[in-house]
Amino acid sequence: MLGNSSSSSSPNCTLCSQDFAGGVCKILFMVFLIVAISLGNALSLLVFLCVKQFRSPQGYLKASLALADFITGVIVAPYSVYREVNRLVYGMEQEPSESGELTCYVIGPIFAGSTLVSITTIFLLSVERSIAVLKPLHKKVVITKRRTVWLILLTWALSFCMAVIPMLASPDITQQYNSCSNLCTYEFPTNKPPQSHWNIMLLYPVFDFSLLGSTLVINVITFSALHQYCKIRKQLGLESQGGSQLAFLDINAAKTIGILTFAFAAAFSPIAVFVVGSVMGYKWCHFAFYAFWILTSNSCWNVAIYSIWDPKFRLGVRELFGKKVLTSVSRGPSHSKEANSTSMAGVVVLKDMFCPDNT
């Protein structure tokens, strides 16, 4: 009898240890993403807001993109770690509290809104670069800092309004912590068949892929114009003149934005498949985790793309930290002056945004 009980409990212990090991691996993966997303986008924000050469419409758009990703790293992912640690400590039987459900009603729309802000900002970056290449003489008239800031504010407002539309459109759609995706997501009641108004959830993949498709078309047009420009300059033998530097910067900026577009499209495609499947009634638990966390990991890809493809960003990082190193070495009166200027950086940026001088 003793031998039978030990043999029957052995598989259960093995399963428990496997579940525990899998939970620990998930938590470590989430913590790694939190650190990478938070530090990477904090660096991007410092460069885009504190380095003078990035105080431009394109720099403000990239700062908006970095802020959306930073929010994912400091708000969305940490709550998932908290819930998973509680699950390992208290077990699977722990029921979510009312405060936990209310928290998801905040974190879920933040995650959805940040995702919509990201794709909309990438679209605006492509439009800005296309105007700069196709209509360089009209760039400073059409693309101003003030217009860019108002577009950014409008983008954030519309994105977060869209994030709460499903819950307002249907009382059956709620926000709950999903044990499969390990994130706060939109949930349908399991005891009701899919209804027609649940198709409001298809708004996200349709909206995102429409913007992604438009962004890809704009990037193709921009690259075609740059290729034609470089070809004409080569035929005329003007490569050695200083004007070719402008083409080099435009090519690198357009290439960076194109890579951002492809990276976001690759990260969002699994989510689109999952949303469509959920509306049709399919339950893909394992696929949900990979789909949602691939999209979450996209928040740390942008700084890597900037570091590899954008020499202007690398120069900004060296300028930012080089200035701090020189300040720490020089222990004279200039130290207090530099510290004072650093503390006023936010005020200078806001003044430059809303009260630009001839931009």
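What counts and what doesn't
- Residues numbered from 1 in each chain as written.
- Predicted model: local features only at pLDDT ≥ 70, side-chain atom pairs only at ≥ 80, totals over all residues.
- Heavy atoms only, no water.
- Helix = DSSP H or I, 4+ residues; strand = E, 2+ residues; numbered from the N terminus.
- Buried < 20%, exposed > 50% of the residue type's maximum accessible area, 1.4 Å probe, protein only.
- Contact = heavy atoms within 4.5 Å.
- 1 Å grid on protein atoms, 1.4 Å probe; cavity = no way out; pocket = protein on both sides within 12 Å on 5 of 7 lines; lining within 4 Å.
- Points joined across faces, edges and corners; volume = space filled by probe spheres on them.
- Axes fitted to C-alpha atoms, helices over the stretch in contact; angles between N-to-C directions.
- Parallel < 35°, antiparallel > 145°, perpendicular 65-115°, else oblique.
- Nonpolar A, V, L, I, M, F, W, Y, C, P; charged D, E, K, R; others polar.
- Left-handed = near helix turned anticlockwise from the far one by under 90°.
- Patch = residues over 30% accessible without salt bridge, like charges linked within 9 Å, V, L, I, M, F, W, Y side chains within 5 Å.
- Areas by Shrake-Rupley, 256 points an atom, 1.4 Å probe, with all protein chains shown as cover.
- Salt bridge = Lys/Arg side-chain N within 4 Å of Asp/Glu carboxyl O.
- Disulfide = S-S within 2.5 Å.
- pLDDT = per-residue confidence, 0-100.

This brings us to the overall build of the chain. Scanning the chain from terminus to terminus reveals 12 helices and 2 strands. Listed by position from the N terminus, the elements making up the chain come as α-α-α-α-α-β-β-α-α-α-α-α-α-α. Counting the 359 residues in the chain, one finds 43% classified as buried. Taking as baseline every contact in the chain between residues at least 6 positions apart, the subset at least 24 positions apart corresponds to 78%.

Our focus in this paragraph is empty space enclosed by the protein. A probe matching the size of a water molecule, rolled over the atoms, marks out where space remains unfilled. Under the definition given, this model contains 1 cavity of 30 Å³ or more. Here the largest cavity defines a volume of roughly 70 Å³. Lining the largest cavity we find Asp69, Thr72, Phe111, Ser114, Thr115, Ser118, Phe264, Leu295, Thr296, Asn298 and Ser299. Elements with a contribution of two residues or more to the lining of the largest cavity: α2 (57-90), α3 (98-134) and α8 (285-297). Broken down by element, the residue count for the lining of the largest cavity peaks at 4 residues, all from α3.

Where helix α5 (residues 145-169) contacts helix α6 (residues 203-236), the two axes come as close as 11 Å, and the packing angle between them is 155°. One way to sum up the angle between α5 and α6 is to call them roughly antiparallel. Along the contact surface, α5 presents Met162, Ala163, Val164 and Pro166, while α6 presents Leu203, Tyr204 and Phe207. When its residues are assigned to classes, the contact of α5 with α6 shows 7 nonpolar, no polar and no charged.

All right, on to the packing of α2 against α5 then. For the pair α2 and α5, interaxial distance at closest approach is 9 Å and the crossing angle is 25°. As judged from the angle between their axes, α2 and α5 are roughly parallel. Along this stretch, α2 crosses α5, giving a crossing that reads as right-handed. For the pair α2 and α5, contact is made by Pro57, Tyr60, Leu61, Ser64, Leu67, Ala68 and Ile71 and by Lys145, Thr148, Val149, Ile152 and Trp156, respectively.

The next point concerns a nonpolar patch on the surface. Together, Val273, Val276, Met280, Tyr282, Trp284 and Phe287 make up an exposed nonpolar region whose accessible area comes to about 550 Å². Relative to the elements of secondary structure, tryptophan 284 occurs in the loop between α7 (244-279) and α8. Judged by relative accessible area, which is 32%, tryptophan 284 ranks as partly exposed.

Here we take up the state of the cysteines. By definition, a disulfide links the sulfur atoms of two cysteines through a covalent bond. Summed over the entire model, instances satisfying the criterion amount to 2 disulfides. One disulfide bridge connects cysteine 104 with cysteine 184, the sulfur atoms lying 2.1 Å from each other. One quick way to see it: the torsion about the S-S bond of cysteine 104 and cysteine 184 is about -60°, and its sign makes the bridge left-handed. One end of the pair, cysteine 104, is in helix α3; the other, cysteine 184, is in strand β2 (residues 183-187), and 80 residues separate them in sequence. For cysteine 104, a relative accessible area of 1% corresponds to the buried category. Put simply, cysteine 180 and cysteine 285 are joined by a disulfide, and their sulfur atoms are 2.0 Å apart. On the S-S bond that ties cysteine 180 to cysteine 285, the torsion sits near -100°, and the link is left-handed. One end of the pair, cysteine 180, is in the loop between β1 (174-178) and β2; the other, cysteine 285, is in helix α8, with 105 residues separating them in the sequence. Sequence-ordered numbering of the disulfide-bonded cysteines in the chain gives the connectivity 1-3, 2-4.

Let us now look at the confidence of the model for the chain. Across the chain, pLDDT averages 78, with 75% of residues at or above 70. Per-element mean pLDDT across the chain ranges from 46 in helix α11 (residues 333-343) up to 92 in α5. Segment residues 1-9: pLDDT under 50, and 0 contacts once partners within four positions in sequence are set aside and those in other chains are kept. Note on residues 325-343: pLDDT under 50 across the span, and 4 contacts to partners over four residues away in sequence or across chains.

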